[in-house]
Structure formats: structure tokens, C-alpha cells
Amino acid sequence: MNKEPIKLVDNFDRTFPYLRLSVTDVCNFRCEYCLPDGYQCAEKPKFLTLMEIKRLVTAFAELGVWKIRLTGGEPSLRRDFTEIIDLIAKTDGIKNTALTTNGYRLKTDAQKWFDAGMRNINVSIDSLNKEVFHKITGHNKLETVLEGVEKSLQIGYDSVKINVVLLKDINDNALTDYINYIKDRPITVRFIELMQTGDNLYYFKRRHLSADIIRTKLLAQGWIENIRSHGAGPAINYTHPDIMGSIGLIAPYSKDFCQNCNRLRLTAVGDLRLCLFGDFGVPLRDLLQNDDQKEALKRRIMKQLDYKKSSHFLIEGETGLIPNLSATGG
Ligand code: SAM
Ligand code: SF4
């Protein structure tokens, strides 16, 4: 039998080795641009179970996916989070297990997650100023989150990154703070342009900024744009000879952003999303109920790639299905 994994390829010759798997919509933070009123839900949601996640990840790995990022909501709020990491890291074919987190549990749990097989951590820190961080997230937790980052560096994670959503008049002048922070730390800080979602139009209009303002400052200070490797994803990275860390820019509103798309997304209830801003989700959960459904599941996933569009339509203001990014994991 041929054991070589099939590759997921779409009609635009893009391949998809990378799956972002949301494991919960629930979040304990109230980030202004994402869940300003906190997580709300009328009835108890039924997120994918461990067994369903195992079947899903096995099928995707057999379709050539080798990197899985856990996201949410806040993924670490799941009680079985360490077991989820463990089962993913142990799945044949998965070489890279990653997490995006608000860092709330990092300080206490970073070692446990590492031991279970997690290797790459992205922590969202939109300000290095305590008061501003508190205002954006609704939590006075900057110090704890930074201690978690320190702990992750000590433990030896393969990569530690910080995500910063670029916000006009809030953190657009904070580049120097981040550069000072990564001067002697092997951390990549990634500035992400604020994206419009179904829920945040007013906030978006007030706070959205192009990442060009960061790019211009970086180039003026001698930062060098790195050459992108094939399949590297949409971030553009910059390095500086005097700084240990690096800076990345994620600019979904820029031309050609989608050309480098290398990822698929799964919601916490098992819907496949071909694009963060797509206008449809394909339920996979009915094919996660027993091991015998694996081939049918793989066929359904492969068929969907025919429908992946060349680009999102964010510039036209089409935000697709999602009310906010806690529903698909950003
Ligand atoms: N709760 C985790 C966290 O905050 O890292 C994981 C989920 S969160 C939705 C994933 C990422 O999406 C975070 O870095 C967050 O800042 C970012 N994000 C959320 N809403 C966004 C928006 N409207 N535009 C750009 N980035 C956004
Ligand atoms: Fe929660 Fe992350 Fe959304 Fe902030 S960005 S509210 S931490 S899901």
C-alpha cells in the first residue's frame, strides 16, 4: 500500500500542510476588537470531543497536514487541553504542534504542555504597558503573561512569538517598546492588521491601520526584509543585526496576501472553513463518529478544496460568516 501522504492542493496550486483547529469558542478575556462584552452563549456548546479530534487529526495527517495550531476562544480553558496536545503530537505525520493563547495559563502550564508535545507558542500581547493591556483585554494580567513568556523561553520551546493587533492611537507608537523587549530575547513579534468581522465594524473603522506604518519605521531603522521560503505563509519577516528577536507583519488587506495561503481551519464544532472570511462552513462532525468513516471524511475534505477561492473579499467589506475571531481562531 502507498503510504506517501496525498497532498491537499487547490485550483490555484496552493498546498495546505497547516490546519488551525479551534477547540473552544469560550474565552476569559474581553479584547475590545474580538469579544468586547466577553464570551456569551445561550446554551452549553458541544465542542469536539477528544475522540472526534483524534479522528479528525488522523485524517488530515493522512492528507499531508503536518502542522496543527490549536486556537479558540482560549484553547487552554479546556479541561482536557493537555490530552488534546498529547494526542495530536503523537499522531503519525504531525511534526509541528502549535498554540495561540492569551497567555493566561502560560506561567503555570507551559511545562506541562511542552511535556505533552507542544513546541510552538504564540502569545497575544497587544501592549507592553500594564494599563493599556488591561484596557484592551479587560484583565490586569500583563505581568503574569510576560512571566509565562519567560518560562516558555527557559523551557526551550522551538518558537515563541508575540501577536500584536495593530490599533490606531492605542499601540501604533509601541514599536520601540517591542524592539527593546526582543533585543536580547529570541522572540518574533508579529504585528497583525485589525480585521473587520461581523461584530466590529465601528471599532474597525476607528482603529484599523495599515501595517505599512510599521514597515516604513523598520526600514528606516535598518531592519531587513527576509526572503520568503516557499510555503512560508503570509507573514513578512524582518531582522536587524543588533536585535536577537525578529518582527513579522501580517497584512491581510495587502495585495496578494492570499497567494501564500497555506492553511485550513476547523471550528470548535467541526466545521471546515476554507478561509477565515469565507461565507460557508462544511460540517465534518457527522463523519467523526467512528473509525470506519475515515476514507469518507478524507474524500469530503479533498472535494471541498475545489471551492476554495483565490482570495478573500475583505477590501469590499465582505467579512463572511464569522461574528468575531473567537469563533474561528484568528
Ligand atoms: N485567545 C487566543 C489569543 O487571543 O491568542 C486565541 C484566539 S484569538 C481569536 C487568535 C488571534 O486572533 C489573537 O492573536 C488575536 O489578537 C487575533 N484577533 C482576534 N480578533 C482579531 C481581529 N478582528 N483582527 C485581527 N486579529 C484578531
Ligand atoms: Fe479571547 Fe483571544 Fe478574542 Fe482576546 S483575541 S477575546 S483572548 S479569543
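Everything quoted here is computed from the prediction, not taken from an experiment.

(A) Fine view of the pattern of salt bridges. A full pass over the atoms with the stated rule returns 14 salt bridges. Among the ionic pairs, Glu32 bridges to Lys135, the shortest N-O distance being 2.7 Å. Residue Glu32 is found in the loop between strand 1 (18–22) and helix 1 (50–62), and its partner Lys135 is found in helix 4 (residues 130–137); the two are separated by 103 residues along the sequence. With a relative accessible area of 17%, Glu32 lands in the buried category. Relative accessible area serves as the criterion here: at 54%, Lys135 is assigned to the exposed category. Across the salt bridge formed by Glu62 and Lys298, the nearest N and O atoms sit 2.7 Å from each other. Here Glu62, found in helix 1, pairs with Lys298, found in helix 9 (residues 294–304); they are 236 residues apart in sequence, far enough to count as distant. Judged by its relative accessible area of 29%, Glu62 is partly exposed. By sharing partners, the salt bridges in this structure join Glu62, Lys294, Glu295 and Lys298 into a single network.

(B) Focus on the packing of aromatic side chains. Tallied over the entire structure, the rule returns 5 aromatic pairs. Taken together, a centroid distance of 5.3 Å and an interplanar angle of 90° make the contact between Phe81 and Trp113 edge-to-face. With Phe81 in helix 2 (residues 81–89) and Trp113 in helix 3 (residues 106–116), the pair connects residues that are 32 residues apart, well separated along the chain. The exposure classification of Phe81 matches that of Trp113, with both residues buried. With 5.2 Å between their ring centres and 75° between their planes, Phe114 and Tyr157 make a pair best called edge-to-face. With a gap of 43 residues between them, Phe114 in helix 3 and Tyr157 in the loop between helix 5 (142–155) and strand 5 (159–166) connect regions that are remote in the sequence. Taking the relative accessible area as the measure of exposure, Phe114 reaches 17% and is therefore buried.

(C) Geometry of the site of ligand 2. Taken together, 8 residues form the shell around ligand 2, and within it Cys27, Phe29, Cys31, Cys34 and Asn102 come nearest. Taken together, the residues of the shell around ligand 2 break down into 5 nonpolar, 3 polar and no charged.

(D) Representation of the pairing of strand 10 (residues 263–266) within the structure. Covered by surrounding structure in strand 10 are Arg263 and Arg265 together with Leu264 and Leu266, the residues of both alternating faces. Across 4 bridges, strand 1 lies against strand 10 in parallel orientation. In the sheet register, Arg20 faces strand 10, and the bridge partner there is Arg265. As paired elements, strand 10 and strand 11 (residues 271–273) share 2 bridges and run antiparallel to each other.

(E) Fine view of unusual backbone geometry. Its identity is not glycine, yet Asp169 carries a phi of approximately 65°, on the positive side. Relative to the helices and strands, Asp169 resides in the loop between strand 5 and helix 6 (175–182).

Rules used throughout
Residues numbered from 1 in each chain as written. Chains lettered and ligands numbered in written order. Predicted model: local features only at pLDDT ≥ 70, side-chain atom pairs only at ≥ 80, totals over all residues. Heavy atoms only, no water. Salt bridge = Lys/Arg side-chain N within 4 Å of Asp/Glu carboxyl O. Helix = DSSP H or I, 4+ residues; strand = E, 2+ residues; numbered from the N terminus. Buried < 20%, exposed > 50% of the residue type's maximum accessible area, 1.4 Å probe, protein only. Phe/Tyr/Trp six-rings, centres within 6.5 Å; stacked < 30°, edge-to-face > 60°. Near = heavy atom within 4 Å. Nonpolar A, V, L, I, M, F, W, Y, C, P; charged D, E, K, R; others polar. Pairing = 2+ DSSP bridges.

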